[in-house]
Number of protein chains: 2
Amino acid sequence: MKPMGPIPPGFGAVNGILAIDDVPVTHWIAEAVRTPLFLYSVSLLRQRMADLRAAMPDWLGIHYAMKANPFAPVVTLMNGLVDGIDIASAGELAMAQAAGVDPVRISFAGPGKRDDELRAAIAAGVTINLESAGEADRALAIAVDLSVIPRLAVRVNPPFDLKGSGMKMGGGAKQFGVDHDQVPGLVRHLVASGADYRGFHIFAGSQSLSAEALIEAQGAAMALAAALSEQAGIAPPKVNLGGGFGIAYFPGDVALDIKAVGAALEGHYQGRAAILKDTAFCIELGRYLVGEAGVYITRIVDRKVSRGETFVVTDGGLHHQLAASGNFGTVIRRNYPQGLVERFAVGDSDSSGLEQVTVVGCLCTPLDLLGDKVGLPAPSIGDHIAIFCAGAYGASASPGRFLGQGEAVEMLV
Amino acid sequence: MKPMGPIPPGFGAVNGILAIDDVPVTHWIAEAVRTPLFLYSVSLLRQRMADLRAAMPDWLGIHYAMKANPFAPVVTLMNGLVDGIDIASAGELAMAQAAGVDPVRISFAGPGKRDDELRAAIAAGVTINLESAGEADRALAIAVDLSVIPRLAVRVNPPFDLKGSGMKMGGGAKQFGVDHDQVPGLVRHLVASGADYRGFHIFAGSQSLSAEALIEAQGAAMALAAALSEQAGIAPPKVNLGGGFGIAYFPGDVALDIKAVGAALEGHYQGRAAILKDTAFCIELGRYLVGEAGVYITRIVDRKVSRGETFVVTDGGLHHQLAASGNFGTVIRRNYPQGLVERFAVGDSDSSGLEQVTVVGCLCTPLDLLGDKVGLPAPSIGDHIAIFCAGAYGASASPGRFLGQGEAVEMLV
């Protein structure tokens, strides 16, 4: 058998059935009528935010990057728990507004903002994280045309990256943000142009499980914000220190030590430069807030033995959970945490009674692999397989139209 | 500069502008009103089929696997050119029927067919390519329930694979089809159960550019069909020899020699076993029929220099063209063929005047890379970049909801 990632905390079992808040998942399957099904847990989302608030300093704002999970009920819930919502397109702006988010709480980052997107966001009062000098000029011109004062921040391409992160988004040549040495001039230009200058967005990477790396990157971001502000001669009202908090997907992954990160942030804050003394700080998280609160449920349609290997064929697949198949942003495929809904035990490390099976999706492609030689307790046709860590970059980050299989059901429970 | 794949044949230029059938692509961009835009060429689709018919023996049927491109006008056009349509889900069945395909011309393969899918397909008269003994029994029971005689073929997991193919779908333990040694017994069971036994589906792999490998696999498939039929004591009405014909995506790729494949097929046919003397044969192609006839057009929204590297930021990205970003079924990312719509020259190998740029999409992720250090003639904001080989596994095989950017426009022209 090949190992799988750790089951995230908070899931339980009732009479041997996977449960959320002591309600067996089979109840929600019946309610949804059909599978595949994404379940997002209200209590796990709230618990994650409560734990994070407890670990982070009081002065730190926490934003939700809704790209991680744009399901409207999730956005509405998260909006009530966080201090801001980050969007990546005008489409997300419309979704956020439909979910009841006040545009003044929204900031907008993304390297390819079209004029119509800038126009919609500026008109609504959204803060734009500018990605280039050209985008700055387009935003300023649109604001003139709209006769409004635009809320503009500068996304900085820092001279460092987040070590050990899944995706590096700073350091070196990048499409994201403005190279740090170009930033002071741009800030002066924005202020001289009459914009409502909002400060910096400094994002060094994502999906890191190393507190040490995050502490180093956040310290560097704070120091960079100070240096750039001093060079510009202008204090930033706000600095978004970025995200990068990872979750444990794979065998051997250990949960991030957020208490260590919070304590170090307090230290950075106490030692901050004078020019930042009135600056508000926030972090921007997506995956960390919602990823572990979601589970993807798929039904076993067939079971077959091919040349000695047992395959469990499900009605789900990479059209809903591309990342779990190992085809999105990962070089070496490894198994996401997974379990059998009907025979689930928390923290059961006893592998006797487990059968080695390969869990595949229903798509007619060998890429559609959900569990490679995993151990499950006698999975049978009609049983359900739960793929954990499905709360972020699942339904909306997968090719839902592929092979005409249709979208999954999504429920906030 | 890093190389890119070869521009597919059939695209031209009019006054330096990329053209299809001597119509500049800018005409279609204006017609579509917005970008990103997939253009599929009627004449290139027809030309590809004509070339293939000329190279293949007259007795060989050619099927279109609509998973490659399920855009309704493409399916309708292809339906008039081919001898059968292959589907992978009940969703594709509904799309095929909406596009005017007679269900009797349809066959249905896929490892996770649900009961409701089997029911819809059997009721419509579709041929089911059975993937397991369990699926066979479900299909037979559903047919009894419907009081119809089901059209059933057996998908064989052959004891060989398609050498050098992008995706192996035969050989070894697989979720696809029935292990070859189990097939004769299953065939006898189907016939004894009163089914309309349709024969075999033998699919060994996909995306091969080697005529030699395809010839070997097709010969092996024909021999296997004969051996299994002799063991069953039942002649197969039809044998689907699978697909696997690749197209040239990457630097150094050379187009498949279809004449060699056709000539070898004729030889296999002449030498076929007696039990296959009245058997009809077909091949099943998706990518090869439509892949090179499509182009993805995206507009340049920003141009920026970061630490000496020039980035061209487009309004497109991996949400429409996941495979071109290197995130779908490829281990090492390489550049798809691409060009600048407004300054395009066919077969121009003169690299003077080209600028080295990195073409990225609009998504806020470093995965969204369309052209890595490619050479383009002074790409400017407002110009359009054409990514070729976009006719197959593009729009429908990409995460169209990702980051709220919305789907691309699709047009058959």
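In this text, all values refer to a predicted model and were calculated from it rather than measured experimentally.

Student: For this particular structure, what's the right way to read the interface of chain A and chain B?
Tutor: Each side of the interface is counted separately: chain A has 72 residues, and chain B has 72 residues. Across the chain A/chain B interface, buried area totals approximately 5,500 Å², and carbon plus sulfur atoms make up 57% of it. Sorting the residues of chain A by area buried against chain B places A:R307, A:C364 and A:R401 first, and these three jointly supply 14% of that buried surface. Inspection of the chain A/chain B interface yields 4 salt bridges. The shortest N-O distance in the salt bridge between A:R401 and B:E407 comes to 3.1 Å.

Student: Where do I start with the sheet that holds strand β3 (residues 23–24) of chain A in this structure?
Tutor: Sheet strands associate in pairs through backbone hydrogen bonding, adopting either a parallel or an antiparallel arrangement. Residues and elements named next belong to chain A. Overall, antiparallel pairing links the 3 strands, which are arranged β1-β2-β3 in an open sheet. Only two strands of the sheet have a single neighbouring strand rather than two, namely β1 (12–14) and β3. Bridge count between β1 and strand β2 (residues 17–20): 3 bridges; the pairing is antiparallel. In the strand pairing of β2, V14 is matched with I17.

Student: Looking at this model, I keep getting lost on the pairing of strand β17 (residues 309–314) of chain B. Mind explaining?
Tutor: Each regular strand shows side chains that alternate between the opposite faces of the sheet. All names here are of chain B. Among the 6 residues in β17, 6 count as buried, and that is most of the element. Residues E309, F311 and V313 of β17 are buried on one face, and the alternating residues T310, V312 and T314, pointing to the opposite face, are buried as well. As paired strands, strand β16 (residues 294–306) and β17 are joined by 6 bridges and run antiparallel to one another. Bridge assignment links I300 to a residue of β17, and that residue is T314. Count of turn residues in the β16/β17 antiparallel hairpin: 2 residues, of which R307 carries a positive phi of about 45°. Taken together, the 3 bridges between β17 and strand β19 (residues 355–360) define a ladder with parallel strand orientation. The partner of V313 across the bridge, within β19, is V360.

Student: Please clarify how the layout of surface pockets should be interpreted in this entry.
Tutor: Taking a probe equal in size to a water molecule and rolling it over the atoms shows the remaining empty space. Taken as a whole, the largest pocket encloses approximately 980 Å³ of empty space. As for the largest pocket, its lining consists of 37 residues, and the residues nearest its centre are A:G326, A:N327, A:T330, A:V331 and B:T330. Elements supplying a minimum of two residues to the lining of the largest pocket: β17 (309–314), β19 (355–360) and β20 (369–376) of chain A together with β10 (167–168) of chain B. Along the lines of polarity and charge, the residues of the lining of the largest pocket split into 16 nonpolar, 13 polar and 8 charged.

Student: Quick question: what am I supposed to make of the nonpolar core here?
Tutor: One recurring pattern in soluble globular proteins is that nonpolar side chains are buried together. Core analysis: the largest hydrophobic core is formed by 271 residues, its most contacted members being A:F200, A:F245, A:L289, B:F200, B:F245 and B:L289. Residues in contact with B:F200, not counting those within four places in the same chain, are B:V154, B:V156, B:V183, B:V187, B:A225, B:L228, B:S229, B:P236, B:K238, B:V239 and B:N240.

Student: I keep staring at the pairing of strand β8 (residues 127–130) of chain A and nothing clicks. Help me out?
Tutor: Residues and elements named next belong to chain A. Covered by surrounding structure in β8 are T127 and N129 together with I128 and L130, the residues of both alternating faces. Alignment of strand β7 (residues 106–108) against β8, held across 2 bridges, turns out to be parallel. In the sheet register, S107 faces β8, and the bridge partner there is T127. One crossover worth recording links β7 to the parallel β8 by way of helix α5 (residues 115–124), and it is right-handed.

Student: I'm lost on the sheet that holds strand β1 (residues 12–14) of chain B in this one. Help?
Tutor: Residue and element names in this part refer to chain B. Overall, antiparallel pairing links the 3 strands, which are arranged β1-β2-β3 in an open sheet. Looking along the sheet, the strands with just one partner apiece sit at the ends: β1 and β3 (23–24). Relative to β3, strand β2 (residues 17–20) runs antiparallel, the two being bridged by 2 bridges. Looking at the pairing, I20 lines up with V23 of β3.

Student: Mind showing me how you'd approach helix α6 (residues 133–146) of chain A here?
Tutor: One turn of the α-helix equals 3.6 residues, which is why residues spaced by three or four share an orientation. With 14 residues, α6(A) ought to run about 20 Å at 1.5 Å a step, and its terminal C-alpha atoms sit 20 Å apart, in line with that. Considered for burial, the residues of α6(A) that qualify are A:E135, A:A136, A:R138, A:A139, A:L140, A:I142 and A:A143. Looking at the buried side of α6(A), the elements it contacts are α5, β8, β9 (151–157) and α7 (183–192) of chain A together with β16 of chain B. Two to three positions downstream of the cap, the backbone nitrogen of A:G134 sits 3.4 Å from a side-chain oxygen, assigning the N-cap of α6(A) to A:S132. Phi for A:S147, located one or two positions after α6(A), is positive at around 55°.

The rules behind the values
Residues numbered from 1 in each chain as written. Chains lettered and ligands numbered in written order. Predicted model: local features only at pLDDT ≥ 70, side-chain atom pairs only at ≥ 80, totals over all residues. Heavy atoms only, no water. Contact = heavy atoms within 4.5 Å. Buried area = accessible area lost by both parts, 1.4 Å probe. Salt bridge = Lys/Arg side-chain N within 4 Å of Asp/Glu carboxyl O. Pairing = 2+ DSSP bridges. Helix = DSSP H or I, 4+ residues; strand = E, 2+ residues; numbered from the N terminus. Buried < 20%, exposed > 50% of the residue type's maximum accessible area, 1.4 Å probe, protein only. 1 Å grid on protein atoms, 1.4 Å probe; cavity = no way out; pocket = protein on both sides within 12 Å on 5 of 7 lines; lining within 4 Å. Points joined across faces, edges and corners; volume = space filled by probe spheres on them. Nonpolar A, V, L, I, M, F, W, Y, C, P; charged D, E, K, R; others polar. Core = buried A, V, L, I, M, F, W, Y, C linked by side-chain atoms within 4.5 Å. Right-handed = clockwise from strand over helix to strand, strands pointing away. Expected span 1.5 Å × (residues − 1). Polar contact = N/O pair within 3.5 Å; in protein donor to acceptor, adjacent residues only side chain to side chain.

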